[in-house]
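Structural features, examined
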Amino acid sequence: QVQLVDSGGGLVQAGGSLRLSCAASRRTLSTYAMGWFRQAPGKESEFVAGISRSGLTLYADSVKGRFIISRDNAKNTVYLQMNSLKTEDTAVYFCAAYAAGWNTIPTGVNEYDYWGQGTQVTVSS
């Protein structure tokens with residue numbers, strides 16, 4: 001079993017940047033595809049970005065060109081660099097892990113096995 005701890009959220013003005021981190025409890029992060037999801041009040045969770053075990057990345061259209069997902073397997077950590085933030089990016093952000101194939105990047109909430117506790121990101125106008 002893997003425990004994930006999300007951090008790095010906060011309050012930022014529109015146009016600003018934040019970097020989220022997701023630290024795994026076990027030194028097995030390299031065996032998992034990792035994803036970031038978000039959930040805004042009154043809305044369903046949505047896929048934001050994912051990274052495969054091989055390093056391939058995938059982004060939601062709404063964040064493409066602004067967000068960057070990366071992983072450091074040696075540190076057992078996945079990051080989400082968020083730039084040019086917009087008020088509509090306000091949500092609780094969750095990281096998730098899936099024991100996947102080498103190039104697989106799941107995008108569905110139900111596909112992931114383990115979840116972080118979430119970190120709040122608030123973007124003010």
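Here goes a summary of the coordinates provided. Here the structure is a predicted model, which means the values were calculated and not measured.

Scanning the protein from N- to C-terminus turns up zero helices and 11 strands. The linear arrangement of helices and strands in the protein, starting from the amino end, is β-β-β-β-β-β-β-β-β-β-β. In terms of overall size, the protein behaves like a compact globule, its C-alpha atoms giving a radius of gyration of 13 Å where 125 residues would be expected to give roughly 14 Å. The proportion of buried residues among the 125 residues of the protein is 44%. In the protein, once contacts between residues fewer than 6 apart in sequence are set aside, the share between residues at least 24 apart is 61%.

Time to look at the state of the cysteines. The tally for this structure, following the rule as stated, stands at one disulfide. With a sulfur-sulfur separation of 2.0 Å, C22 is cross-linked through a disulfide to C95. Because the sign of the S-S torsion sets the handedness, a value of about 55 degrees for the bond joining C22 and C95 places this disulfide among the right-handed ones. Taken together, the positions of C22 in strand β3 (residues 18-24) and C95 in strand β9 (residues 91-98) put the pair 73 residues apart, joining distant regions of the chain. C22 gets classed as buried once you look at its relative accessible area, which sits at 0%.

Once that is clear, we can look at the environment of S25. Note that S25 resides in the loop between β3 and β4 (33-39). The exposure class of S25 is partly exposed, given its relative accessible area of 43%. In the structure, S25 is positioned 20 residues away from V5 in sequence and 8.1 Å away in space, judged by C-alpha atoms. With near-sequence residues (within four places) excluded, S25 lies in contact with V2 and Q3.

Within the secondary structure, R38 is located in strand β4. A polar atom in the side chain of R38 sits 2.6 Å from the side chain of E46. Within the structure, R38 has its side chain in polar contact with the side chain of S62 (distance 3.4 Å). In this structure R38 touches E44, S45, E46, V48, S62, V63, F67, E88, D89, A91, V92 and Y93, once residues within four positions along its chain are discounted.

The strand order β1-β3-β8-β7 describes an open sheet built from four strands, whose pairing is antiparallel. Each having just a single partner strand, β1 (4-7) and β7 (67-72) make up the two edges of the open sheet. Across the sheet, the mean angle from the axis of one strand to that of its neighbour is 15 degrees, orientation sign disregarded. Relative to strand β8 (residues 77-82), β7 is paired through six bridges, and the arrangement is antiparallel. Note on β8: the bridge partner recorded for S70 is Y79.

Moving on: the pairing of β7. Along β7, the buried face is formed by F67, I69 and R71; none of I68, S70 and D72, which line the opposite face, is buried. Between β7 and β8, which pair antiparallel in sequence order, lie four residues; one of them, N76, sits at a positive phi of approximately 55 degrees.

With that out of the way, let us pick up the nonpolar core. If you look at the biggest cluster of nonpolar residues, it comprises 30 residues, and the most contacted ones within it are M34, W36, L80, M82 and Y93. For this core, the elements supplying multiple residues, two or more each, are β3, β4, β5 (46-51), β7, β8, β9 and β11 (119-124). In contact with Y93, other than residues within four places in its own chain, are D6, L20, W36, F37, R38, V48, F67, L80, M82, G118, T119 and V121. In this structure, F37, A96, I105 and Y112 belong to the second largest nonpolar core, which totals five residues.

Rules and cut-offs
In every chain, residue numbers begin from 1 and rise along the written sequence. With the structure being a predicted model, the display of local features is reserved for residues of pLDDT at least 70 and the display and counting of side-chain atom pairs for 80 or more, all residues being used for whole-chain, interface and lining totals. As a convention, hydrogens and water are excluded, and side-chain values are obtained from all of the structure's heavy atoms. Numbering of helices and strands runs from the N terminus, with a helix taken as a DSSP run of H or I at least four residues long and a strand as a DSSP run of E at least two residues long. Both definitions apply: the radius of gyration is a C-alpha atom measure, and the globule rule equals 2.2 Å times residues to the power 0.38. Residue exposure (1.4 Å probe, protein chains only): buried if accessible area is under 20% of the type maximum, exposed if over 50%, otherwise partly exposed. Any pair of residues with heavy atoms lying within 4.5 Å of one another is described as a contacting pair. Disulfides are defined in this document as cysteine sulfur pairs within 2.5 Å. Any pair of N or O atoms that falls within 3.5 Å is considered a polar contact. Within protein, one atom must be able to donate a hydrogen and the other to accept it, and sequence-neighbouring residues count only if both atoms are side-chain atoms. Pairing between two strands requires that DSSP report at least two bridges joining them. Helix axes are fitted to C-alpha atoms over the stretch in contact, other axes to C-alpha atoms as well, and angles between N-to-C directions run from 0 to 180 degrees. Put simply, buried Ala, Val, Leu, Ile, Met, Phe, Trp, Tyr and Cys residues joined by side-chain atoms within 4.5 Å make one nonpolar core.

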